[in-house]
Structures are given as structure tokens and as C-alpha cells.
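Architecture and fold: a report
Residue-level listing of the chains:
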Amino acid sequence: MAVPVPWWRNRRVIPWLVQGAVGLTVLVLVAFLLGNLIRNLTAAGLLLSWGWLNQPAGFDIAETILPFQASDPYWRGLLAGLVGTVRVVIAGLLGSTLLGTLLGMASFSGNALLRGLTRVYVEVVRNIPLLLQLVFWYFVVFLALPNGTAAIQLPGVVLAKSGLYIAGFGEGLRWLGPHLVNGVWQAPLRWSVEFAALLTGLIAYSSAFIAEVVRGGIAAVAKGQWEAASSLGLSWLQTLRQVVLPQALRVIVPGLNTQYISLAKNSSLAVAVGFTDLYSVAETTLNQTGRAVEVVLLLLATYLVLDLFISLVMNGLNRLVQIRER
Amino acid sequence: MNTLLRRLRHDLFATPADGLITVALLAVIGAGISSFLHWALTQARWAVIQANSTLFAVGRYPMEQQWRLWLLTGLLAAATGITWGMLRSHPRPDRGGILWPRNDRFAAGLLLAISLVLPRMLGLTPSVQVRWLAITALLVLLRWGAGRFGPSLPPLVKRLLPLGLPLLYLIGMVLIGGGLGLASVSPSEWGGLLLTMLESSFAILLCFPLGVLLALGRRSELPLLRWGSVLYIEFIRGAPLITLLFLGQNMLGFLLPGGLAPERVWRAAWVLTLFAAAYLAEAVRSGLAAVPRGQLEAARSLGMSMPQAFVSVVLPQALRVALPSMVGQFISLLQDTTLLSLIGLMELLGTARTVMANPEFLGHNAEVYFTLAVLFWCCCAALGLGSRALERRLDPATIARSG
Amino acid sequence: MLIPFLLVGCASEGGSGVQSTKISTIKARGKLICGVDGSLPGFSFVGPDGTYSGLDVDVCKAMAAALFGDPLKVEYRNLNSSERFAALASGEVDLLSRNTTMTLSRDAAGGNALSFAPPTFYDGQGVMAPTASGIKTLKDLAGKPICVESGTTTELNLADRMREQTIPYTPLKFQTGDQTYAAYLQGRCVAVTSDRSQLAGKRSSFPQPDDHTLLPDVMSKEPLTPATVNADPVWADAVRWTVNTLFQAEELGITKANIAAKVAEARANANQADLRRFLGVEGEFGKQLGLPADFVPKIIGAVGNYGEIFDRNVGPGSRLKLDRGVNKQWKEGGLIYSPPFR
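Note that the structure is a prediction, hence the values are computed from the model and not measured.

Here we come to the overall build of chain C. Along chain C, the regular secondary structure elements total 14 helices and 13 strands. In terms of C-alpha radius of gyration, chain C reaches 21 Å, essentially the compact-globule figure of 20 Å for 342 residues. Across the 342 residues that make up chain C, the buried fraction comes to 53%. Put simply, of all contacts in chain C between residues at least 6 apart along the chain, 73% involve residues at least 24 apart.

Below you can see the structure in the form of C-alpha cells.
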């Protein structure tokens, strides 16, 4: 007959035991940490409150699309920082997708030199830390740009130490190029060097990873597809658009999701190049108000929401490109 | 010669468009390399690296205690040499064993050459140059010794030898931090490459067991464990590392009983560990998913308990599959240590930025960045190569082929 | 190092109600942990060989001398302006001697809840610009980028002054002073703003100091003061009276050179009541503060009086060559004034 099993080895009891033990430990740990937090915050007079968000900030923000002055409340400053982050992320996503796709396709080119160069670019960029690349772009490249009349003048774009001046639609919908006014450059579209350096660094870094994703996607399409399409008389471009890309996108889109979220998170490194994004404004706010807990919570919540949003959009895209097998 | 020309023609000049691209690229590459060389050899002031080499290497570590770091470097070199030799004396199953394969001879020669040339180029003092040469020679000598005498060691010694590595890590911590009779050196004086290596090695070693536990928890059927792991992993993966480091620096003091604030160095190390554990968990999870369920069932039917089955049968296979992405995480971790400079720790990048802000070396940022970039690239590329070599060694196909 | 973090629930509680003080912790530890800047010549600067020097550093040394009799029993932590208050509030450093301005919101219990000692340097905020740029007043900065360190009263004052005079400008913020001055020297901004003493200090280390001028505008009051936390009044008092010791010693003409002679004189002469009390020959001042009875001779013997500290670090005997200005003794019309030791 079966030997009675002691209760602690009973297969039905063990899961509850394990969960109970883990749950208890976690509960005790959380209670301990929270208790300390509340006690220490009370002693320092910094208990959780949100009223301070309405106080005037007292500091200025250099580059912001949302109009902001020192007399505006803190929440408006944080919002201006968020707008800065979104600006960088959107421009970065567009730029890095473009460059990454080009690089990814270049790795299938017939030209061995082009393939080799792409390989070298990807390997070099992937193995150097992003922060190092960002400060390099800012302090070595962009801050070394000449100023005033000596600025680098390309058709439609002027690169100067005071910023990037890009031609666009000026007042009255006239197409205006960059021009000098009293020794100071003016143009319809002006990017600060901080923004330009951040954008360049992020695009250069992310495009290497996106190139790998695109390459993996295209490589995943069986060679037979290319051969069958060419035997049907389709040109290279037609093959790419009608046959290969739809199949490659199935593999590429999930990979892009990861890279896009990565880019959104990497935008927080703006503080290293002096661009006022959400993290930078939050750090200043924390220093001026001392409200560590609230600021950290706001930061984490905002980035989580940003990531969720990107994931949602990409998942929707994913569903579009997934081929439903019959 | 003919075949070479034909190959070139096919690869580079197949169509007129190709030819144009090749010529344009060659022109750009040529201009780039020549201007870089011109800058490197004439305009660049490499003195900034020479003058601050100690700062870059060990930060503000007290001069009179630096012999401990030399001792540690020597021990590390010895360990590397012995490991290298022992691995070579147990050749890959699909390759025969030669004591000094051509790769190794090349590598040893390269190491010796670098240790002769680089310290002189960096302008280090003769005593330091000699020390580097001695350490490299020790490495190569032990490599030869382990290769020659390794196989003839008693089996017990061979099994206990890997235990030397964790022991070495502990000895390293004592040598760096102090204790056991050695004067204590406060962590605020550790800096430069020493701090970078310390933070990344700490995080890499500790995130591994944590990541595996999280991955197992995520696949568990117990709802509390599963949802707890999911919550943790998704939370960490959604937050930028800099915000988590920020949280660690500013809030950790409040989360612990009054006055008990761990050193900034350890705070950052723990945040890095907890951060990497979440990403590693995802990599291990995909590895676990790749192991056929039949393996677990077969192991259980042989009478193994659940933990035994997991540890002996499922995990090794899962880790083998997950190895490339795991090493990718480790490489990311090494690169992420640069973010510590944004919260005030003086690791490599932080030291570099302080050095560059010194008005004496103003305007010579490029030299420092270039050196740092080369250093990081070499470390990360080496990790990548090592991972690929490890993959090949562990590949079941090659093991099976040896029969 | 792992142990403190892992010991859950085994640590002692922080002060609440009972007057537990940091002094016993520091004495048990055997050294004082002082938060400083580390890159500001004249105030707290660490040389290539690792030695710290400066006015703020000397205050730390004075405190260590008061506690242990040895000015070298200090561990310095370099803190940037973003992390200094969190480090002090969490107990990572015992004393913040980091050219910090005393303000209401930093002092108040509802603000940063710090406790300030008497100011050791009365300063004001100023602006530095290259001489060649021809910028002479604040109005010349209209529409230009100005470099400023983030997380400081400096950025708030700059915003206020520019708003008052409706001068549009672009603030460029960096996390550390080093990066701020590096961006200024590379020409990214046409001016940099900070405390005037800090500007003078940094300028002295530039390759061509004379190429930069300090504008005459003084934009704010910046009393630079050592700080501790509100929650520990006993420690705050000890720090406060250590600083007052430096002021009182200068007023009485006691220097590092003659302190030994003065102590002997006080011991010999029963009539010099003030001197005897001050030097701890009689009375219980040390005990009341939680310091040793002879803390005053220890302090003066270690770092000298305030005048010597000033001269050595920021005055005629240093590279900054700043005038004492309002930092003179009250008897000479300045603001340095110690309450009586009785």
C-alpha cells in the first residue's frame, strides 16, 4: 500500500508552501523598506505631496517648443521636458529607421566594398558605449564647428557652433534660407547643437542595430524566393517590394519594437550633452525642491507610458504584417 | 594573379554603378584615413593620456597602496595563463590537440609585443614598463606550463582548480578594499578602469543567478511567482537605466534605516545587477523555451526530482541556446557602466571628462575619446569573440562528432 | 560591503525623539566624512597627488581637529551640485562644506531642512566673459547663450535677474562645474555665471587668465556656509561653534604660531578669565558641545584662525588674490562676528 507522505512533501501542498514563503519574504521586505521610507521622509519633512508641482519653477529652459518661463509652475517645466523627449524620439526613430534600412539593404549589395564597410560600421558602433559616442559628437564634433561667417555653409543648411540653421517656410509662407543678420545666423528652422549632437549620436547608434534587424529579416527570406521572382521576370526593386519585403517584415517588426523602445530610453542621456529633455528637467527639479520620491515616480511612470505606447503601435503594425497561415 | 583580378572585378566592378560606388567609397575612405593619420601623428597631443595614465587606470587610489593592485594584476594574469593553458590541453572534441596551435603562438607573440611597445608609447616610467613586461611574461609562461603539465595533474586537482576563480575574486576584493590586515581604501578613491572593471564584473557575476531565478519564476505555474517575475521584469525593462541609477542614488538613503547609507559604488553596482538580471531573464527564458518539453518529462520519468531535473538536464541545454544573447547582455552591461559617470562616479568616462575639463588640456578632447573608444571596443569585441569560441566548443554537434 | 545591504532588519533606527547624535558615530568611525566640491581652486581642490586644499577643506580639517585632534582624520567626498543635498540628508556625508549658499528654502524644515553654521565667505553671484567679446554689462548678454551649472541657486538667480531686466537669453545647463567651464572655454556660450569667488578661482587655472573679465554686476547675495541636517541639533551646534572659534581666534589675535604660548599664558594667569574660558583651561564648553575640553587649541593649532585660512586659500597668499571685502572682522567694518564664548 502507499506510504503516507508527510505534508511538507505532499505535491499539492508544496506550491502553496513555496508561494507562501516567497510572498511572506517579499511582504516583509516591502514593509521594512516602506516603513523606513516613511520614517525617514517624515524626519526630513519630505512626505509625499503633489502641491509643490504648482509652485513657480524659478529656472529657465533653454530650448523648448512649449513656451516656458521661470515663473511657470514645475509641472509645466516637466511637460516641456517631455515635449523635448518626444521631439528627440520621433526624429530619432525616423532617422535611424531610414539609415538602418539603407544599411541593412546595403549589406546585400553586389559590391563587396559596400558590404564590408557596412559590416565595419555596424561592428564599430555596436561595441562602443552610446554615452561615449554622444559626448564625442557633442564635445569633439559639434563644439568644434566654426561660428559666424566662418560657419560651414551647405545648400540650404548652415552648420555653426551656435546651431544648425535649416531652410524652410518663413513668415508669409516664403521659402527662406539661412541668412546672416548682424553677424548672427537666422533661419526658419533652427536646431541647437545640443539637439543636433544628441540626434546624430542616437541615429548613428540605433541605425547599426536596426541594420542588423533588417539584415536578419531579409536573410530570413529563402533564397528561392529571389530566384523564383527573377525567373518570373520581376526586377530587383519589384521583387523587393512585392515578394521579399512582406515576408521580411514579419521578422523585422518585432525586432524594430525592441530597438524603438531602446531609442526612447536612450534619449534620457540628453543630460550629458546639455539638452533639456524630461530626465534633465526632472533632475533639476529634484535638486531645487528636494522631492526625491515624487520626481522619481513621475519619471518612471512617464517612461513606462512612453514605452507602452510605442509597443502598442508596433504590435498593431505587427498584426498587420503577420501572414495568416491558412 | 588572374583569379585575383577576376575576383576583384566581380566583387567591386560588376556593373558601372558598382564601379562608381567603389571608386567613390575608396576616395572617401582614403581621405578619411589620411586625415586621421595626419591628425594622430602631428596635431594630437597624446601627452594628455600620458600625464593622466594613473588616473585613468586606478583613479585616486593612494600611491603607497598601489602595490596591491599590481599584485592583483599579477594574480589575474597568472589565472588567465593557467586557464588558457588548461583549456588548450583539453582540445575541442573535433580538433586534435597541439600544445601551441598557430593562433596561440600568434596571440602570445602579440601580447608580448604590445607589452613592450604600448607602455613606452604611453610614456610610462621604466619601472612600470618592466612590471607590465613581467606580468605578460608570467602569463605566457604559465600558459606554457599549464599546457605542458596540465594533463598530468591528478584528477582531484583538476576538479578543484575552477574553484580558484571565485577564490581569486574574493582575494581581489580584499586587495582592493582592504581588510585582513591590509589598510582599507575607501571606495570613493577607486576610479578609472579599476572601477569600471569592478562594477561590471560584480554586476555580471551576480545578475546571472538572479536572472536564471527570474526566468524560472516567469515560467512557473504558481501565479504569485509568475506575476511577481513578470511585474519586475517589465518594470525594469520599461525604465531607462539612468532613471534607475538616479533612484538608487537618491532614494536608497531613504529606504534604509537612518544613517545606514551604503557606499555609492555599491549602490550603483546593485542597481546594475538588478537591471541586468531582468534582461538576462528574458534571454534565459527564450533558452528555456527552446528545450523540448520531452527532456523534462524524460528526466522526471527516470526518477529525478523537479529541481534535479532542471539543474542537470534542462538548464544546461537552455543556457547553451541562450549563450549568445547572454553574452550580448554582458557586453551591454560593460558599456552601461559609462552611465555611472552621470551620477558622479569616477569610472573611465567620468575620469575622462574630469581630465578633459582641466584647462591645461583644453581642446584635446579627441585624443581622450579616441583612446577610450579603442579601449571599450577591444574589451567588447574580445567578449564577443570569446562567446563565439565558447559556442563552438559547447555545440553538441562538435561534441557528438568526436564520438 | 555587501553585508550592510543584505542585513535586513538588523540595523538600528535613526534618531527620533531621543537626542541621539552623529558625534558618537563619527568618533566611533575614527574619521569625519566631509562633502566638498573637489574642483574649485581656493575652496576645495584636489591636486594630482590626491591632497585636498581650500577654504572649505580647512573648515573640515578644523572640525576633525576638534573631534580627534588630528586634521588629517577626514575623508573627502567630491559631490556635484545635483547630489550634495541628497548625500547630506541620507547621512552619506556628515558635513557639507561645499561653497553652499544659505537660503530660506534650504534652511526651512519644509524645504531641504538643513542646519547652517555661520557663513565662512560672503559672496555674490557674478558673470565672466571673454575680454575680447566686449561684453561689459548684463544688457550686453541679450539673446546670447550663458553657461550655468544646474541644480544651483545660480541658475535661479540668473533667471530672476534676466527676467527683472527683461533681457532674453539662452541658459545652457551642465551637471558639473567642469563641464560648464569647458563649454564656456570652447566658445559654446559667451558668458558663464557663478559665485564671484568661484569665477575668480576657476579663472586662475585657465591657460590665459587675463583674457577673461568678471563683470561688475553683483547679481545676488551668496553667503557660503557649511551645512548639516536639521534632525541633529547637537552636531549642528558643534559645527557652528567650531566655525565661531575660527572667527573669535582672529578677533583675539590668536594664530597657529602663538596658540601654544597663549595656552601657557592662560594657564599661568588666573586673571585672564575670557582667554581661559575660550581656550578651555577652565569652564565646560567642550563638554556642553560634545567635544573635548581643549577643542579650541586643537582647532587653531591645526588650521590657524580665520584670517590665516582666508589668506592662505583665497587671499594674498594664494593664486586668487581676493580682497577680504566684507569678509573682514566686525571691528574693521566687515561681517565676520563671533558670538561670545561664555
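Across its full length, chain A carries nine helices and eight strands. Considering chain A as a whole, with its 326 residues, one finds that 40% of them fall into the buried category. Restricting the contact set of chain A to residue pairs at least 6 apart, pairs at least 24 apart contribute 62%.

The predicted coordinates of low-pLDDT regions are not to be read in fine detail. Residues and elements named next belong to chain C. Overall, the prediction assigns chain C a mean pLDDT of 86, with 94% of residues at 70 or greater. Considering each helix and strand of chain C separately, the mean pLDDT is smallest for helix α1 (residues 2-6), with a value of 38, and largest for helix α3 (residues 55-68), with 95. Contacts of residues 1-19 to residues separated by more than four positions or lying in other chains number 27 contacts, the stretch itself having pLDDT below 50. ipTM for the predicted complex: 0.86, alongside a pTM of 0.84.

This next bit is on the domain arrangement of chain A. When cut into domains, chain A gives domain 1 (7-44) and domain 2 (74-151 + 191-321). Taking only C-alpha atoms, the centre of domain 1 of chain A and the centre of domain 2 of chain A are 40 Å apart.

Moving on, we come to the pairing of strand β10 (residues 170-174) of chain C. All names here are of chain C. Burial within β10 is extensive, with four of its five residues counted as buried. Note: strand β9 (residues 145-149) against β10, five bridges, orientation parallel. What sits directly across from P145, in β10, is T170.

What follows concerns the interface of chain A and chain B. The partner chain B presents 38 residues to the 40 residues of chain A that form the contact. Looking at the side of chain A that touches chain B, the elements that each hand over two or more residues are α1 (14-44), α3 (112-126), α4 (130-141), α8 (278-289) and α9 (292-321) of chain A. Ranked by residues supplied to the side of chain A that touches chain B, first place goes to α1 of chain A with ten residues. Looking at the side of chain A that touches chain B residue by residue, the classes come out as 30 nonpolar, eight polar and two charged.

So, about the sheet that holds strand β4 (residues 52-53) of chain C. All names here are of chain C. The three strands are arranged β2-β3-β4 in an open sheet whose pairing can be described as antiparallel. If you trace the sheet from one side to the other, it starts and ends with β2 (39-40) and β4, each paired once. As paired elements, strand β3 (residues 44-46) and β4 share two bridges and run antiparallel to each other. Residue V46 lies in a different strand from β4, and its bridge partner there is Y52.

With that settled, consider the packing of helix α12 (residues 241-255) of chain B against helix α13 (residues 264-290) of chain B. Residue and element names in this part refer to chain B. Contact geometry for α12 and α13: axes closest at 9 Å, N-to-C directions at 140 degrees. Classed by the angle they form, the pair α12 and α13 counts as oblique. Handedness of the α12/α13 crossing: right-handed. Here α12 contributes L241, L244, L245, G248, Q249 and L252 to the contact with α13, which in turn contributes R264, R267, A268, V271 and F275. Its residues assigned to classes, the contact of α12 with α13 shows seven nonpolar, two polar and two charged.

On to the environment of F139 of chain A. Residue and element names in this part refer to chain A. The residue F139 is located in helix α4 in this model. Taking the number of C-beta atoms within 10 Å as the measure of exposure, F139 has 25 and is therefore buried. Placed 72 residues apart in sequence, F139 and P67 show a C-alpha to C-alpha distance of 28 Å.

Moving on: helix α14 (residues 306-313) of chain C. Residues spaced three or four apart along an α-helix face the same direction, because each turn holds 3.6 residues. All names here are of chain C. Within α14, six of the eight residues are buried, leaving the element largely enclosed by the surrounding structure. For α14, the complete set of buried residues consists of Y306, G307, E308, I309, F310 and N313. In this fold, the buried residues of α14 make contact with α3, α9 (233-252) and α13 (295-303).

Here we take up the nonpolar core. If you look at the biggest cluster of nonpolar residues, it comprises 240 residues, and the most contacted ones within it are L134 and L198 of chain A together with C60, M63 and I146 of chain C. A total of 16 residues in this core trace back to one element, the largest contributor, which is helix α5 (residues 193-220) of chain A. Once residues lying within four places of it in the same chain are set aside, the contact partners of M63 of chain C are L32, L95, V239 and T242 of chain C. Core analysis: the next-biggest nonpolar cluster, separate from the first, contains five residues, L139, V140, L142 and A146 of chain B among them.

Right, let's talk about unusual backbone geometry for a bit. Unlike most non-glycine residues, T166 of chain C shows phi in positive territory, near 40 degrees. With respect to the helices and strands, T166 of chain C occurs in the loop between α6 (153-164) and β10.

Residue and element names in this part refer to chain B. Interaxial distance between helix α14 (residues 293-301) and helix α15 (residues 306-336) falls to 10 Å at its minimum, and their mutual angle equals 155 degrees. The angle between α14 and α15 falls in the class roughly antiparallel. In this structure, the crossing between α14 and α15 has a hand that is right-handed. Facing Q295, L296, A299 and R300 of α14, the residues of α15 in contact are A309, V313, V314 and Q317. In terms of residue class, the contact of α14 with α15 is made up of five nonpolar, two polar and one charged.

Right, let's get into the sheet that holds strand β2 (residues 157-160) of chain A. Residues and elements named next belong to chain A. Across the sheet, four strands lie side by side as β1-β2-β3-β8; this open sheet has antiparallel pairing. At either margin of the open sheet sits one strand with a lone partner, and together these are β1 (152-154) and β8 (189-191). On average, each strand axis in the sheet is tilted by 15 degrees relative to the strand beside it, whichever way the strands run. Alignment of β1 against β2, held across three bridges, turns out to be antiparallel. If you follow I152 over to β2, its bridge partner there is L159.

The next point concerns the domain arrangement of chain C. Residues and elements named next belong to chain C. You can read the domains of chain C as domain 1 (21-121 + 223-332) and domain 2 (129-222). One C-alpha centre belongs to domain 1, the other to domain 2, and the line joining them spans 29 Å. At the interface, 18 residues of domain 1 touch 19 residues of domain 2. Put simply, the parts of the chain that give the side of domain 1 that touches domain 2 at least two residues each are β2, β6 (95-101) and β13 (221-229).

Quick look at helix α16 (residues 348-357) of chain B now. By the criterion of burial, α16 of chain B is predominantly enclosed, with ten of the ten residues buried. Turning to α16 of chain B, its buried residues are L348, L349, G350, T351, A352, R353, T354, V355, M356 and A357 of chain B. Looking at the buried positions of α16 of chain B, the neighbouring elements they touch are α4 of chain A, α3 (47-51), α4 (53-58), α10 (192-219) and α17 (365-394) of chain B together with α7 (177-185) of chain C.

All names here are of chain A. Sheet analysis places β2 next to strand β3 (residues 163-166), joined by four bridges and oriented antiparallel. Looking across to β3, one finds that A160 is bridged to G163. Taking the residues between adjacent antiparallel strands as the criterion, β2 and β3 are bridged by two residues. As defined by bridge partners, β3 adjoins β8 across three bridges and the pair is classed as antiparallel. Along β8, the bridge assignment pairs L164 with W191.

On to the environment of R106 of chain C. Residue and element names in this part refer to chain C. In this structure, R106 sits in helix α5 (residues 104-107). For the pair R106 and F85, spaced 21 residues apart in the sequence, the C-alpha separation amounts to 9.2 Å. The contacts of R106, once residues within four sequence positions are left out, are G111, N112 and L114.

Moving on, we come to the environment of R237 of chain B. Residue and element names in this part refer to chain B. Tracing the sequence through the fold places R237 in helix α11 (residues 223-238). Classification of R237 by C-beta neighbours within 10 Å gives partly exposed; the count is 18. Residues R237 and F275, spaced 38 residues apart in sequence, show a C-alpha to C-alpha distance of 7.9 Å. Excluding anything up to four places from it in sequence, R237 contacts A278 and Y279.

Conventions we followed
- Residues numbered from 1 in each chain as written.
- Chains lettered and ligands numbered in written order.
- Predicted model: local features only at pLDDT ≥ 70, side-chain atom pairs only at ≥ 80, totals over all residues.
- Helix = DSSP H or I, 4+ residues; strand = E, 2+ residues; numbered from the N terminus.
- Rg over C-alpha atoms; globule rule 2.2 N^0.38 Å.
- Buried ≥ 20, exposed ≤ 12 C-beta atoms within 10 Å, placed from the backbone.
- Contact = placed C-beta atoms within 7 Å.
- pLDDT = per-residue confidence, 0-100.
- Domains from an automatic or database assignment.
- Pairing = 2+ DSSP bridges.
- Nonpolar A, V, L, I, M, F, W, Y, C, P; charged D, E, K, R; others polar.
- Axes fitted to C-alpha atoms, helices over the stretch in contact; angles between N-to-C directions.
- Parallel < 35°, antiparallel > 145°, perpendicular 65-115°, else oblique.
- Left-handed = near helix turned anticlockwise from the far one by under 90°.
- Core = buried A, V, L, I, M, F, W, Y, C linked by C-beta atoms within 7 Å.

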